[in-house]
Amino acid sequence: MSDTVSGRAPDRAAGTAVVVGAGVGGLATAIGLRRAGWEVTVLEGRTALERYGTAFGIHPTAQSALDRLGLGDALRARAVPYRGARIRRPDGKVLAALPLERIERRAGRPELLISRPHLLDALLAALDGLGGEIAYGRRLTDPAALGADLVVGADGINSVVRTTYFGRSAGPRPIGTTAWIGIAGFETGLYGETWGAGRFFGMTPVEAGRTNWYATVPGATTAQEVRDAFADRHDPIPRVLAATDPTTWIRYEMRHLYPALPGFVADGRIALVGDAAHAMTPNLGQGACTALLDAEALTRAVAAAGPPGPAGLPDALRAYDTERRRGAQRVAFASRNLHRFMTGRHPALRDALVRGAGAALNRVGERRWRASGT
Ligand SMILES: Cc1cc2nc3c(=O)[nH]c(=O)nc-3n(C[C@H](O)[C@H](O)[C@H](O)COP(=O)(O)OP(=O)(O)OC[C@H]3O[C@@H](n4cnc5c(N)ncnc54)[C@H](O)[C@@H]3O)c2cc1C
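Summarised in this report is the structure supplied together with it. (Residues numbered from 1 in each chain as written. Predicted model: local features only at pLDDT ≥ 70, side-chain atom pairs only at ≥ 80, totals over all residues. Heavy atoms only, no water.)

### Focus on helix H6 (residues 116–129)
Three or four residues apart is the spacing at which side chains of an α-helix point the same way, because the helix has 3.6 residues per turn.
Point 1. For H6, which comprises 14 residues, the first-to-last C-alpha distance of 20 Å matches the rise-based estimate of 20 Å (1.5 Å per residue) to within 8%.
Point 2. Within H6, burial applies to Pro117, His118, Leu119, Leu120, Ala122, Leu123, Ala126 and Leu127.
Point 3. Two residues or fewer after H6 comes Gly131, characterised by a positive phi angle close to 80°. (Helix = DSSP H or I, 4+ residues; strand = E, 2+ residues; numbered from the N terminus. Expected span 1.5 Å × (residues − 1). Buried < 20%, exposed > 50% of the residue type's maximum accessible area, 1.4 Å probe, protein only.)

Put into structure tokens, the structure is as follows:
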């Protein structure tokens, strides 16, 4: 992949691709395909990219994928390291450490956090530099009608590409929990997750002078109810919520794709990446990472098929499916299980398990690191 190294898109197109969706997965895929010399059009249903969202955790393996896509420097220019995070009880007592330092020692680089708008900006700038085009306001309804050599469904959890090729038996399933996320205008310096009975609060760094937070509260429907639910939690949780303008809070129903798909590719020319392929609960913080790993693996496989691109495409797509499907589905499964564990009905038992299971948590962290790898 000499073009990956040079960062230039070659003059001769290897094939034509339509990428459906300009989220993290779609943009990274379009970049990889452009670097491999493909003619790429990205169809985005929205009239402009939504520049909201909080922070993405980017694991070392996803950082390596970004490096291979030529995007590592752009990531590091805006990202901050995540270290020193703890799991706490509502009164602030530490139950265990998140295994971030151990992952860092093994990988030789820390987990990073970057705000969603900054990551999107980096991806958009790279795609623009490679001459990739985004057609905004083009909500695809019939992928089968697209004439391109390769169609990539990067159209998120409600993917029309997925339903067209895999039917509706697999679809987004609510897990019965509403999440709230936001960014407070000060740095807490205290990070990690606080687990209470059904209620859950997390804080991470995101950029200088700001703190990324996420929370779940059964039954809460307003920002005030969320604030009330955490009013007696340890410092700085009430201050974080008080310092975040409720009009900027994002509220969403947590969903995942169920059951897991039998394949990420179809018809020798269709591939799914990111949430379209394996939408997962956010508990392991792997949504963006897995989308990036998919994009890099898919475009590497397609590039390896060599010019003329479409000729070896079915084999390349099979190679992508083999490399990514099981690992991504394992991460999704683990994330769902972690959600069950965190929100279980017996918090005292759970906390005792967590306290006594520092080593086990480290193993979870390592499994997550390995599972997210290529
Ligand atoms: C506006 C927004 C804000 C988000 N904020 C956060 C956040 O703060 N924290 C977090 O952890 N995760 C957030 N996510 C989810 C996160 O981006 C994804 O889980 C993860 O990055 C995987 O990305 P993806 O590219 O597979 O899917 P997505 O990021 O969902 O991107 C899919 C894209 O496809 C487009 N699309 C959908 N259907 C069609 C169609 N038929 N035709 C054309 N285009 C279509 C969508 O408009 C969207 O731009 C957010 C997603 C969105 C869309």
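### Focus: the nonpolar core
As a rule of thumb, nonpolar side chains are buried together in soluble globular proteins.
Point 1. Grouped together as the largest cluster of nonpolar side chains are 72 residues, with contacts concentrated most on Leu33, Trp38, Ile58, Leu150, Val302 and Tyr320.
Point 2. At 8 residues, the largest contribution of residues to this core is made by helix H11 (residues 287–304).
Point 3. Counting residues in hydrophobic clusters, the runner-up holds 35 residues, among them Tyr82, Ala85, Ala223 and Val240. (Core = buried A, V, L, I, M, F, W, Y, C linked by side-chain atoms within 4.5 Å.)

### Here's the deal with the packing of aromatic side chains
Point 1. In the structure shown here, the tally under the stated rule is 7 aromatic pairs.
Point 2. Here the aromatic rings of Phe200 and Tyr214 are separated by 5.8 Å at their centres, their planes lie at 40°, and the arrangement is tilted. Note that Phe200 is positioned in strand E12 (residues 200–207) and Tyr214 in strand E13 (residues 210–216), a separation of 14 residues in sequence.
Point 3. Looking at Phe200, the relative accessible area reads 9%, which means it is buried.
Point 4. Note on Phe201 and Phe230: the rings are 5.2 Å apart at their centroids and 65° apart in plane angle, and the pair reads as edge-to-face. On the criterion of sequence distance, the pair formed by Phe201 in strand E12 and Phe230 in the loop between helix H8 (223–229) and helix H9 (237–242) is long-range, its members being 29 residues apart. Pair check on accessibility: Phe201 and Phe230 agree, each one buried. (Phe/Tyr/Trp six-rings, centres within 6.5 Å; stacked < 30°, edge-to-face > 60°.)

### Focus on the site of the ligand
Point 1. Within the structure, the ligand sits among 29 residues, and Gly25, Glu44, Gly45, Thr54 and Asp275 are positioned closest to it.
Point 2. In this structure, an oxygen atom belonging to the ligand sits 2.9 Å away from a main-chain N or O atom of Gly25.
Point 3. Notes on the ligand: free accessible area 930 Å², of which the protein chains cover 85%.
Point 4. Among the elements of the structure, helix H2 (24–35), strand E2 (39–44) and H11 are those that each provide at least two residues to the shell around the ligand.
Point 5. Examining the composition of the shell around the ligand, we find that 3 residues originate from one element, H11, more than from any other.
Point 6. Here the residues of the shell around the ligand are counted per class, giving 12 nonpolar, 9 polar and 8 charged. (Near = heavy atom within 4 Å. Polar contact = N/O pair within 3.5 Å; in protein donor to acceptor, adjacent residues only side chain to side chain. Areas by Shrake-Rupley, 256 points an atom, 1.4 Å probe, with all protein chains shown as cover. Nonpolar A, V, L, I, M, F, W, Y, C, P; charged D, E, K, R; others polar.)

### Let's talk about the packing of H2 against H11
Point 1. As a packed pair, H2 and H11 sit with axes 8 Å apart at the nearest point and diverge in direction by 25°. Accordingly, the angle class assigned to the pair H2 and H11 is roughly parallel. The crossing of H2 and H11 is right-handed. Contacts from Val24, Gly25, Ala28, Thr29, Gly32 and Leu33 in H2 reach Ala288, Ala291, Leu292, Ala295, Leu298, Thr299 and Val302 in H11.
Point 2. A breakdown of the residues in the contact of H2 with H11 according to their chemical character gives 9 nonpolar, 4 polar and no charged. (Axes fitted to C-alpha atoms, helices over the stretch in contact; angles between N-to-C directions. Parallel < 35°, antiparallel > 145°, perpendicular 65-115°, else oblique. Left-handed = near helix turned anticlockwise from the far one by under 90°. Contact = heavy atoms within 4.5 Å.)

### Things to note about the side chain of Glu296
Point 1. Looking at where Glu296 falls in the secondary structure, it is placed in helix H11.
Point 2. When neighbours within four sequence positions are excluded, Glu296 is seen to be in contact with Ala65, Arg68 and Leu69.

### Some thoughts on H11
Point 1. Here H11 contains 18 residues, and its C-alpha end-to-end distance of 26 Å stays within 8% of the 26 Å for a straight helix at 1.5 Å per residue.
Point 2. Of all 18 residues in H11, 14 are buried, a share of seventy percent or more.
Point 3. Just past H11, the residue Gly306 takes up positive phi, approximately 70°.

### Comments concerning the pattern of salt bridges
Side-chain pairing between opposite charges can occur once the charged atoms of the two side chains come close.
Point 1. Considering all chains together, one arrives at 16 salt bridges under this definition.
Point 2. Note that Arg109 is salt-bridged to Asp67, the shortest N-O span being 2.9 Å. Taken together, the residues span a long stretch of sequence, with Arg109 in the loop between helix H5 (100–107) and strand E7 (112–115) and Asp67 in helix H3 (residues 60–68) at a distance of 42 residues.
Point 3. Residue Asp67 is classed as partly exposed on the basis of its relative accessible area, which comes to 30%.
Point 4. For Glu296, the salt bridge goes to Arg300, with nearest N and O atoms at 2.9 Å. Here the residue Glu296 and the residue Arg300 both occupy positions in helix H11, the gap between them amounting to 4 residues, near one helical turn.
Point 5. Judged by relative accessible area, Glu296 falls into the buried class, the value being 3%.
Point 6. The structure contains a network of salt bridges with shared partners spanning Asp67, Asp73, Arg76 and Arg109. (Salt bridge = Lys/Arg side-chain N within 4 Å of Asp/Glu carboxyl O.)

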